[in-house]
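Chain and residue survey
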Amino acid sequence: MGRGKLRIYLGAAPGVGKTYAMLSEAHRRVERGTDVVVAFVEHHDRPRTEVMLHGLEQVPRKELEHRGAVFSEMDVDAVLARHPQVALVDELAHTNIPGSRNTKRWQDVEELLAAGIDVVSTVNIQHLESLGDVVDSITGVRQRETVPDEMVRRADQIELVDMSPQALRRRMAHGNVYKPDKVDAALSNYFRPGNLTALRELALLWVADRVDEYLKQYRSEHRVSKIWGSRERIVVGLTGGPEGRTLIRRAARLAEKGAGGEVLAVYIASSDGLTGASPKELAVQRTLVEDLGGTFHHVVGDDIPAALLAFARGVNATQIVLGVSRRKTWQYVFGPGVGATVARDSGPDLDVHLITHGEAGKGRGLPVARGARLGRSRIIAGWIVGVLGPVLLALLLNAVDLGLANDMLLFLALTVAAALLGGLLPSLASAAVGSLLLNYYYTPPLHRFTIADPKNIVAIVIFVGVGISVASVVDLAARRTHQAARLRAESEILSFLAGNVLRGETGLEDLLERVRETFGMESAALLERTGEHDPWTCAGRVGTGPPVARPDEADVDVPVGDHMALALTGRVLPAEDRRVLAAFAAQAAVVLDRRRLQEQADRARTLAEGNRIRTALLAAVSHDLRTPLAGIKAAVSSLRSHDVAWSEEDRAELLEGIEEGADRLDHLVGNLLDMSRLQTGTVTPLIREIDLDEVVPMALVGVPEGSVDLDVPETLSMVAVDPGLLERSVANLVENAVKYNPHGKQVLVAASAIADRVEVRVVDRGPGVPDDAKDRIFEPFQRYGDAPRGAGVGLGLAVARGFAEAMGGTLNAEDTPGGGLTMVLSLRAAGSAPQELRQQAQPERQVQ
């Protein structure tokens, strides 16, 4: 039985119509006679979506009891037993209730696919695992329910369900997404126009990249070399000269004019490469192209025009941007130049732009280094001059008698010309042919291959010797030029690489990708082992099918020390390339060591932060705890004294001071212990589902009566929290708000639901906090403004945020409209908390 096919409807946000589109597809398939069942679809009380379920067979859900409540989940066993052709499974990223067959719904889908059942599912872009940090930075909400990107990428079909932010907000305002009591809160928070626009862009870009992967795979499988201009990809050819910045900016402007334009800057280092490359200038140009949203590539190639065109066709580029040559007019006698050659060979599908710049026609900074020794055209010219030249010269000299000495000089000139053009072999051929012709036509006896005068024998021997010597010198010079040019190219690559590594701009995977790209390999991997007989492990890899078991499985492996090796697959490299590869391998080891040192430094920084906290704790104990202790001791000593007769009013005042000091001590010690537990990571939340109105009122016990206005609707969704941690967090927030709220005004504590979150807002009308201090007030031992020492040790907000994050929530500060500060505590609604937060109760609570 084959594996089933997966189709995913991807959306930018809830409410765009993913489930509706999935159900519409189900009806179309049913009409065609396909066996379709609804394995799990949640309509969220949306009438139009609920109507679409009519006429479709639904597999009964499985009821599970958890902590006194009953939840329904997809019955995987029932779906497998029913074994339809197609199963509809909504909300791919959903976390199942404890006791389910699998932890995640996407794991349920994997089972259905393995059983040969086709699955149609839905997911929002914010639930992709790799985009968690991006979504958090956009919306301020950390997505706890995620699905691995690879699961979505492996889908046979991905269909984007798109809707403009304005249209989605209109749908919400009309009550088509959420109930009316939740619409206002949703529109003012998660579903703000900016949030929706950014999420929509994420979805569009992700799908575009996926389409690009499909296109590359298809072109590779079908060996398509012709360029398909599906999107504008502009390749910029760089020489390392100052004109590169102009070319990059011009290419960026061209890319902006096309949909999905992309800029790829490439520097090709080779023995016949573009000259005058400055590693420093290349580094500047790489930074520039990356700042403009492009990518930088470093490639080795013997023939610059051919390598540039091969790179452009390999990335399916549509345009090439080159600068007008810096050569002077007379230098064109050596050839048409890279720009003209690329334009001539580009073909009809690849446009070439020659951009003028300030350096055009000013000449090159370094002489042109010829590659591949002398080049094929020069070798052919050398053979023509060396073999045909003496014959033509002999015919010419037969008509003119110049004397043997002049004849020999002319033949020697041809031999030297053949050596200069074609090297050693053409010059040897020229010397041999020339000596035979001199012997036959110009040395007595004529027209015979014999020499009567011994002096002529010496002359011909000298002629042959001079020709061979000149040819050897020219060939040696060509070899040295080739070696020097290659070493220059290698030094440019290595200096550029070393600069990036030293500046910390290259990660291990980026470096391996550079190795793979530079040498034209299919994959690259860095393998290591701890001992001589221990198995190899992969520290980093890129490309398709990299060797991960043993270095000797690769086409090329370079050892790095005794227990590390760089392994590449694709082709066997010549020995001269392995020297550069060894340097890359050494740099890869350096990058790996630096990454591990950075991890150690991060751990050391964490320890240092812990030491700082402990030092601050000691300081707090030495001052803030001593003050109430001193007050309590003084009051107790006064009451115990028999020298003074205290009135009832005085005794009551002293007892009140003792009680206030004890309460203050209790509060300070509680915060100190809580902060200590947070810093040491020993706070283990005991998550259960509870109503907010059971917890929040208990947090207001310690505040003055009438100072807080509480607004927690009874119909609000339950939250998955640790009641003790939530009570402490809200208590600290309310205490802080009351402290700074103007006298006579109440602090508002309100709660509302937004999608799968519940927000508790603590609103005061105090002086507020500037934007640059909003994050700083949550740091330990911070007092904002001129708060007195007696106001506490500055741990209340730090503890509140720590407890919120321990429960999977967030705590942030916002400005109160009209003045003041609003603390926004965002919590997960019941049923949406991940399994790792729903732990069974332990014998002891870590925080009481």
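In the block above lies the structure referred to throughout.
These lines cover the structure that appears in this document, whether it is placed above or below. (Residues numbered from 1 in each chain as written. Predicted model: local features only at pLDDT ≥ 70, side-chain atom pairs only at ≥ 80, totals over all residues. Heavy atoms only, no water.)

1. Focus on unusual backbone geometry
Selection rule: Each helix is a run of H or I in the DSSP string that is no shorter than four residues. Each strand is a run of E no shorter than two, and both are numbered from the N terminus. Relative accessibility decides the category of a residue: with a 1.4 Å probe and only protein chains considered, values under 20% of the type maximum give buried, values over 50% give exposed, and everything between is partly exposed.
Positive phi is not limited to glycine here, since histidine 83 has a value of about 45 degrees. By the element assignment, histidine 83 lies in the loop between helix H3 (76-82) and strand E6 (86-89). By relative accessible area, histidine 83 is classed as partly exposed at 32%. Even without glycine at this site, glutamate 91 takes up a positive phi of about 55 degrees.

2. Regarding the sheet that holds strand E23 (residues 810-815)
Hydrogen bonding along the main chain pairs the strands of a sheet, whether they run parallel or antiparallel. Using the following cut-off: Whether two strands pair comes down to DSSP finding at least two bridges between them. Convention adopted: a line fitted to C-alpha atoms gives each axis, helices being fitted over their contacting stretch, and angles between N-to-C directions are expressed from 0 to 180 degrees. In this description, contact between two residues means that some pair of their heavy atoms is separated by no more than 4.5 Å.
The 5 strands are arranged E19-E21-E22-E24-E23 in an open sheet whose pairing can be described as mixed. Since the sheet does not close on itself, it has two edges, and those belong to strand E19 (708-711) and E23, each with one partner. Here the average twist between neighbouring strands, direction ignored, is 20 degrees. In this sheet, strand E22 (residues 757-763) lies alongside strand E21 (residues 747-754) in antiparallel orientation, the contact comprising 7 bridges. Counterpart to alanine 751 in the pairing with E22 is valine 760. Each of E19, E21, E22, E23 and strand E24 (821-828) is contacted by helix H23 (residues 723-740), which is oriented at about 170 degrees to E24, the strand it contacts most. Lying on the sheet, helix H24 (residues 796-806) is in contact with E23 and E24; it crosses E23 at an angle near 130 degrees.

3. Some details on the sheet that holds strand E11 (residues 295-300)
What the 5 strands build is an open sheet, ordered E11-E10-E9-E12-E13; its pairing is parallel. The open sheet has two edge strands, E11 and strand E13 (351-355), and neither has a second partner. Sheet twist, expressed as the mean angle between neighbouring strand axes with direction ignored, is 25 degrees. For strand E12 (residues 319-323) and E13, the ladder comprises 5 bridges, and the chain directions are parallel. Opposite glutamine 319, over in E13, you have aspartate 351 as the bridge partner. Each of strand E9 (233-238), strand E10 (262-269), E11 and E12 is contacted by helix H12 (residues 304-314), which is oriented at about 150 degrees to E10, the strand it contacts most.

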